[in-house]
Amino acid sequence: MKPVVGVMQAWSCIVISVFAIVILSVIGSLFKSNHHSMMGSTDDPKDGPAVAATVFSAVIVYVVFLVGCGFQAFLHYRDNRRGAITLS
């Protein structure tokens with residue numbers, strides 16, 4: 001199987017996905033616990049756990065991206081181990 005995206009795009013996607021998972025997990029946890037930094041203003045949403053469920057669904061999307069991009073990076077790694085010269 002050949003990689004679909006380039007090696008730099010795959011590793012960039014991995015890094016961005018990891019940061020997004022960490023940051024969105026923290027934000028979702030703050031909303032789920034109704035922390036005052038997220039729920040203390042008059043303009044903030046009233047239902048923190050509902051917002052947390054939406055944020056955690058975005059985390060699941062980024063986990064899917066992480067798995068897909070990780071597989072692409074693995075395919076590049078496997079392809080590079082074979083060497084640049086192949087005999088047919």
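Residues numbered from 1 in each chain as written. Predicted model: local features only at pLDDT ≥ 70, side-chain atom pairs only at ≥ 80, totals over all residues. Heavy atoms only, no water.

Participant: What should I look at first to understand the state of the cysteines in this one?
Facilitator: Simply put, the disulfide is a covalent bond whose two ends are the sulfur atoms of two cysteines. Within the structure shown, the criterion is met by one disulfide. Between C13 and C69 runs a disulfide, and the two sulfur atoms are separated by 2.1 Å. Here C13 and C69 share a disulfide; its torsion about the S-S bond, 70°, makes the bridge right-handed. Separated by 56 residues along the polypeptide, C13 in helix 1 (residues 7-32) and C69 in helix 3 (residues 48-81) bring together distant segments of the chain. (Disulfide = S-S within 2.5 Å. Helix = DSSP H or I, 4+ residues; strand = E, 2+ residues; numbered from the N terminus.)

Participant: So what exactly am I meant to see when it comes to the environment of V55 here?
Facilitator: If you trace the backbone, V55 turns up in helix 3. The residues contacting V55, other than those within four sequence positions of it, are L24 and G28. (Contact = heavy atoms within 4.5 Å.)

As far as function goes, none of this settles anything; it's purely spatial.
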